[in-house]
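Now for the letters of each chain:
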Amino acid sequence: MFRLFVLAGLVALSVAGPVNLELNGEWELFKTTYNKNYAQEEDLMRRIIWERNLKHVQQHNIEADRGVHRFWLGMNEYADMSSEEFVRAMNGYRMNATKTFQCGKFMAPSHFKLSDLPTTVDWRKEGYVTEIKNQGQCGSCWAFSTTGSLEGQHFKKTGKLVSLSEQNLVDCSRKEGNDGCQGGLMDQAFNYIIENKGIDTEESYPYKAKNGACKFKQANIGATEVSCMDIEHGSEADLQAAVATVGPVSVGIDASHISFQLYKSGVYTESACSSVNLDHGVLVVGYGIDGCDDYWLVKNSWGTSWGMQGYIMMARNTSNMCGIATQASFPTV
């Protein structure tokens, strides 16, 4: 299927004109840096996409330097992919999936005031967050978001940070409604962990970036979960309360734009973002203020070449930017 997409893209892009020969060195460096190897026909198509993305990055950053944007773009390992292709391969949050399970409802304390919360939270500094992971070209973002929030809650309870197995969820949670590399939901993954009475460690059940047969072993459980909680839809205040008082929180967002694919630094805003149509699962690990811009500190699962060493600052208190507060949840242990 992917190969057919590549060949169709080659035909469509062949009319785009010759490549810029002055960029030959940069193109070869890009391929070496990210270990890219293409057949001759695909190399041309990738080169054309890469040059188009490079022009977009350069134009955006000129505008950002003038203050038009609050964030900057960069040429990461995904710069040889079109936006449509990237979304198809990477964004596997399926918010329209038939839900057979609902988490409980997170309720902020009745006396809750935003002014009572700290102005800055970063759970990485407290030991709640594992290293940046890379889902590869598999729509398993939902699994990484799930393990991230459970890793944090397990650490909160035990004082031990254990990296948990996304592959366990990819391979074994189909009964709960997930579809491996073809997508899923964090709440359904939480349900699997509850029903399964645990999830294996990353070390015992390593990630393969592809669907496989379930190999869960009870002897290798790294964490358990008793329930999960959903945060009020669209409430950034409740999301802030949860992040400040509970720990890292799983969220769905709209990550379907080239600006997100090539994000490098700064506080991300996107006028075309939807707060309703979500397609990517990530993890809010904190929040703060950058200059005069409020932001959510978000852990992604696209490796360290993307964003700020794998992280992004997404605009906070800006009309629920990209739906970050639309479907947020966390496990309880």
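What counts as what
Residues numbered from 1 in each chain as written. Predicted model: local features only at pLDDT ≥ 70, side-chain atom pairs only at ≥ 80, totals over all residues. Heavy atoms only, no water. Helix = DSSP H or I, 4+ residues; strand = E, 2+ residues; numbered from the N terminus. Expected span 1.5 Å × (residues − 1). Axes fitted to C-alpha atoms, helices over the stretch in contact; angles between N-to-C directions. Parallel < 35°, antiparallel > 145°, perpendicular 65-115°, else oblique. Contact = heavy atoms within 4.5 Å. Nonpolar A, V, L, I, M, F, W, Y, C, P; charged D, E, K, R; others polar. Buried < 20%, exposed > 50% of the residue type's maximum accessible area, 1.4 Å probe, protein only. Pairing = 2+ DSSP bridges. Disulfide = S-S within 2.5 Å. UniProt positions renumbered as here; feature names shortened; annotations may be inferred.

**Observations regarding helix α3 (residues 40–65)**
Here's step 1: An ideal rise of 1.5 Å per residue puts 38 Å on 26 residues; α3 measures up with 37 Å between its terminal C-alpha atoms.
Here's step 2: Where α3 ends, the next residue or the one after it, Gly-67, has phi of about 90 degrees, a positive value.

**Considerations on the packing of helix α2 (residues 24–33) against α3**
Here's step 1: The interhelical angle for the contact between α2 and α3, taken along N-to-C directions, is 105 degrees, at an axis separation of 11 Å. Classified by the angle between their axes, α2 and α3 sit roughly perpendicular to one another. Residues Asn-24, Glu-26, Trp-27, Phe-30 and Lys-31 of α2 form the contact with α3, whose participating residues are Asp-43, Arg-46, Arg-47 and Trp-50.
Here's step 2: Classifying every residue of the contact of α2 with α3 gives 3 nonpolar, 1 polar and 5 charged.

**Overview of the pairing of strand β9 (residues 280–290)**
Here's step 1: A large share of β9 lies buried, amounting to 9 of its 11 residues.
Here's step 2: For strand β3 (residues 121–122) and β9, the ladder comprises 2 bridges, and the chain directions are antiparallel. By the bridge assignment, Val-121 is partnered in β9 with Tyr-287.
Here's step 3: Bridge analysis of strand β7 (residues 249–253) against β9 gives 5 bridges, and the strand direction is antiparallel. If you follow Val-249 over to β9, its bridge partner there is Val-284.
Here's step 4: Pairing analysis gives 7 bridges linking β9 to strand β10 (residues 293–299), with the strands arranged antiparallel. What sits directly across from Ile-289, in β10, is Asp-294.
Here's step 5: Linking β9 back to β10 in an antiparallel pair, the connection comprises 2 residues, with Gly-291 at a positive phi of about 65 degrees.

**A word on the state of the cysteines**
Here's step 1: Throughout the structure, instances matching the rule amount to 4 disulfides.
Here's step 2: Between Cys-103 and Cys-228 runs a disulfide, and the two sulfur atoms are separated by 1.9 Å. The chirality of the disulfide connecting Cys-103 with Cys-228 is left-handed, given an S-S dihedral of about -90 degrees. Of this pair, Cys-103 sits in the loop between α4 (83–90) and β2 (104–105) while Cys-228 is found in strand β6 (residues 227–230), placing the two residues 125 residues apart along the sequence.
Here's step 3: Its relative accessible area of 11% is what places Cys-103 among the buried residues.
Here's step 4: The buried category is assigned to Cys-228, whose relative accessible area is 3%.
Here's step 5: Each disulfide pairs two cysteine sulfurs, and for Cys-138 the partner residue is Cys-181, the sulfurs being separated by 2.0 Å. Taking the sign of the torsion about the S-S bond as the criterion, the disulfide between Cys-138 and Cys-181, at about -95 degrees, is left-handed. Here Cys-138 is found in the loop between β3 and α5 (141–158), whereas its partner Cys-181 is found in the loop between α6 (166–172) and α7 (186–196), with 43 residues between them in sequence. Each of the two residues, Cys-138 as well as Cys-181, counts as buried.
Here's step 6: Disulfide connectivity for the protein chain, with bonded cysteines indexed by sequence position, reads 1-6, 2-4, 3-5, 7-8.
Here's step 7: Here Cys-141 is not disulfide-linked; the sulfur of Cys-138 is the nearest cysteine sulfur, at 8.9 Å.

**Quick word on the UniProt feature "domain: Cathepsin propeptide inhibitor" (unreviewed entry) in the protein chain**
Here's step 1: On the UniProt side, "domain: Cathepsin propeptide inhibitor" (unreviewed entry) is annotated at positions that read residues 27–86 here.
Here's step 2: A helix fraction of 62% and a strand fraction of 5% characterise residues 27–86, whose end C-alpha atoms lie 19 Å from each other.

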